[in-house]
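Summary of structural features
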Amino acid sequence: MIKTRAIALITVFTILSFIMIFKHSAFDSQHRLHHVFSQFNLQTKLTHWQLRLSFGVSSVIAIADWANINRPVWLGYSCMSILLPQSGGYLGRATHRFAGIVIGSILFVLSVTYLPEQWFFILAPTAGFGLGLTINYFLHSVFNCFGALTLATSIYGLSASSELRIFDNGVGIFIALLCILGFKIIQNVLHNIGQMQFKHA
């Protein structure tokens, strides 16, 4: 299992590296790798966001793997989407995403239940068209359910897929909020320690 995953990881890394080099090597040629590392600073909001994002997504994927939860990518996407802003708006995004996932899953189930079977093929493309027409995060969450559940239903069945979609996103959102809270507590503790050291200096 570990050997297979290692091979898959190396393969994907190699393929993506070649794509990045081929597609982007001519852009920002003055911005080198050492510039990226030099921007890492524990005092900046950008670095705080990068740490939250990397820790949150890797943690939720690890939890999904440990708990043997199906469709771990759904947990990763939900966690990532909440942690994307560098600061603020987390609770609002979490609420909008979860509400969108619940409503989108229900709408998909109703569509499949009452729509003639020969029209099922149109659900995902129609939702994709809707995605292109809106920038509303809540509606994005609703429309995304149609594409995701169209594929998952062929594997797990309609009812199980919709329940799994809601559960996975709920867990991903919850872990993201825990990650935000944990980092906030750490920041406050470090800030208080710094203030105390400054007073005693």
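Residues numbered from 1 in each chain as written. Predicted model: local features only at pLDDT ≥ 70, side-chain atom pairs only at ≥ 80, totals over all residues. Heavy atoms only, no water.

A tally of regular secondary structure across the chain gives eight helices and zero strands. In sequence order, the secondary structure elements of the chain are arranged as α-α-α-α-α-α-α-α. Summed over its atoms, the accessible surface of the chain is roughly 13,700 Å², and 71% of this surface lies on carbon and sulfur atoms. (Helix = DSSP H or I, 4+ residues; strand = E, 2+ residues; numbered from the N terminus. Areas by Shrake-Rupley, 256 points an atom, 1.4 Å probe, with all protein chains shown as cover.)

Across all of its chains, the model carries three aromatic pairs by this definition. A cation over an aromatic ring shows up here: Arg71 above the ring of Trp74, its NZ or CZ 5.3 Å from the ring centre. A cation sits over an aromatic face here: Arg93 above Tyr137, 4.2 Å from the ring centre. (Phe/Tyr/Trp six-rings, centres within 6.5 Å; stacked < 30°, edge-to-face > 60°. Lys NZ or Arg CZ within 6 Å of the ring centre and 35° of its normal.)

With that out of the way, let us pick up a nonpolar patch on the surface. Side chains of Phe174, Leu178, Leu181, Ile185, Ile186, Val189, Leu190 and Ile193 sit close together on the surface and give an oily, nonpolar patch of about 750 Å² of accessible area. Classification of Leu181 by relative accessible area gives partly exposed; the value is 49%. (Patch = residues over 30% accessible without salt bridge, like charges linked within 9 Å, V, L, I, M, F, W, Y side chains within 5 Å. Salt bridge = Lys/Arg side-chain N within 4 Å of Asp/Glu carboxyl O. Buried < 20%, exposed > 50% of the residue type's maximum accessible area, 1.4 Å probe, protein only.)

The next subject is the side chain of Asp168. Structurally, the position occupied by Asp168 is in helix H8 (residues 158–200). Here Asp168 is buried and forms no salt bridge, its nearest opposite-charge partner Arg71 lying at an N-O distance of 6.5 Å. (Lys, Arg positive; Asp, Glu negative; His and termini not counted.)

Next up on the list: the state of the cysteines. Applying the stated criterion to the full structure yields zero disulfides. The closest cysteine sulfur to the non-disulfide-bonded Cys179 is located on Cys79, 6.5 Å from its own sulfur. Classification of Cys179 as buried rests on a relative accessible area of 6%. (Disulfide = S-S within 2.5 Å.)

Before going further, it helps to examine the confidence of the model for the chain. Looking at the chain, the pLDDT average stands at 86 and 89% of residues meet or exceed 70. When mean pLDDT is taken per element in the chain, helix H5 (residues 90–114) scores highest with 94 and helix H2 (residues 33–38) scores lowest with 67. (pLDDT = per-residue confidence, 0-100.)

Right, let's get into the nonpolar core. Of all hydrophobic cores here, the largest spans 17 residues; its most connected members are Val60, Leu75, Cys79, Ile82, Leu83, Ala176 and Ile180. Of all the secondary structure elements, the ones that give two or more residues to this core are helix H3 (45–66), helix H4 (72–83), H5 and H8. With residues up to four places along the chain from it excluded, the contact list for Leu75 reads Val60, Ala64, Ile69, Asp168, Val171 and Gly172. Ile101, Phe108, Cys145 and Phe146 belong to the second-largest nonpolar core, a separate cluster that totals 12 residues. (Core = buried A, V, L, I, M, F, W, Y, C linked by side-chain atoms within 4.5 Å. Contact = heavy atoms within 4.5 Å.)

This brings us to the packing of H4 against H5. Packing of H4 against H5 brings their axes to within 8 Å, and their N-to-C directions diverge by 145 degrees. Between H4, through Tyr77, Ser78, Ser81, Ile82 and Leu83, and H5, the contact on the second element is made entirely by Tyr90, Arg93, Ala94 and Arg97. Its residues assigned to classes, the contact of H4 with H5 comprises five nonpolar, two polar and two charged. (Axes fitted to C-alpha atoms, helices over the stretch in contact; angles between N-to-C directions. Nonpolar A, V, L, I, M, F, W, Y, C, P; charged D, E, K, R; others polar.)

By secondary structure assignment, the location of Thr95 is in helix H5. Looking at Thr95, the relative accessible area reads 48%, which means it is partly exposed. A C-alpha to C-alpha distance of 9.0 Å links Thr95 and Ile173, two positions 78 residues apart in sequence. Separated by 2.9 Å, the side chain of Thr95 and the backbone oxygen of Leu91 make a polar contact. (Polar contact = N/O pair within 3.5 Å; in protein donor to acceptor, adjacent residues only side chain to side chain.)

Quick look at helix H7 (residues 137–156) now. Its 20 residues place the ends of H7 27 Å apart at the C-alpha level, agreeing with the 28 Å of an ideal helix rising 1.5 Å per residue. The largest bend along H7 reaches roughly 35 degrees and is located at Leu149. Taken together, the buried positions of H7 are Tyr137, Ser141, Val142, Cys145, Phe146, Ala148, Leu149 and Ala152. Between a side-chain oxygen at the N-terminus of H7 and the backbone nitrogen of Phe138 the separation is 2.9 Å; the capping residue is Asn136. In the segment just after H7, Gly157 is the residue with positive phi, at about 95 degrees. (Expected span 1.5 Å × (residues − 1). Bend = angle between axes of the 7 residues up to and from the residue.)

With their axes 13 Å apart at the nearest point, H4 and H7 run at an angle of 170 degrees to one another. Accordingly, the angle class assigned to the pair H4 and H7 is roughly antiparallel. Touching Trp74, Ser81 and Ile82 of H4 are Tyr137, Ala148, Leu149 and Ala152, all from H7. Taken together, the residues that form the contact of H4 with H7 break down as six nonpolar, one polar and no charged. (Parallel < 35°, antiparallel > 145°, perpendicular 65-115°, else oblique.)

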